[in-house]
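Now for the letters of each chain:
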Amino acid sequence: MNQKPSFKQIGILNVVNNIPMAIIMSTAAPLLGGQALDLTNWIINVIIAFIIACIINLVVPIGLIANKFPTLFKLDSNKLPGRIVGNIPVAFIFVVIIGLILTYYNVRLVPVFVFAFLATFIPLYLICFVVSMITNQIAMKLAGMEN
């Protein structure tokens, strides 16, 4: 699909991709850090993560990155190897931005939050990478944007 996505398609992509990502990040990060989940704080984290993910989608050309990055490796972004490679920088962007903000929100001590973020980054990135590979395909189908 070469035309610009409609508002409805963008909405579907945001909801289907960002809600699972917000839930996964808000659940996995504290558990990876050895903390118990507090329901109220968890809900706040999910809401913050969802809002940040929507802002990222508005500000960063995520679709362009996902489609163009695989071409650097001579891969078709519509085939599985290309989708996997295209998801590498996309997942990285989301995990770094959302992870840093949520970690700071929850820890609030500048030197400590950096180490807390670094301690959970790799496992959180791997989890989010897999989740986004699954949710993006569902979102693309629901939005009528699959090739």
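Here the structure is a predicted model, which means the values were calculated and not measured.

A. Summary view of the packing of aromatic side chains. One pass over the structure, following the stated rule, counts six aromatic pairs. When the centroid spacing of 5.1 Å and the interplanar angle of 80° are considered together, the rings of Y104 and F113 count as edge-to-face. With a relative accessible area of 39%, Y104 lands in the partly exposed category. The exposure class of F113 is buried, given its relative accessible area of 13%.

B. Layout of the nonpolar core. Residues M25, I56, F94, V95 and I98 are the most contacted members of the largest nonpolar core, which totals 24 residues. Put simply, the parts of the chain that give this core at least two residues each are α1 (7-32), α2 (39-59), α4 (80-107) and α5 (110-142). Discounting chain neighbours no more than four positions away, the residues touching M25 are P30, F94, V95, I98, G99, L124 and C128. One finds L13, V16, A143 and M145 within the second-largest nonpolar core, a separate group that totals five residues.

Each value, and the rule that gives it
Residues numbered from 1 in each chain as written. Predicted model: local features only at pLDDT ≥ 70, side-chain atom pairs only at ≥ 80, totals over all residues. Heavy atoms only, no water. Phe/Tyr/Trp six-rings, centres within 6.5 Å; stacked < 30°, edge-to-face > 60°. Buried < 20%, exposed > 50% of the residue type's maximum accessible area, 1.4 Å probe, protein only. Core = buried A, V, L, I, M, F, W, Y, C linked by side-chain atoms within 4.5 Å. Helix = DSSP H or I, 4+ residues; strand = E, 2+ residues; numbered from the N terminus. Contact = heavy atoms within 4.5 Å.

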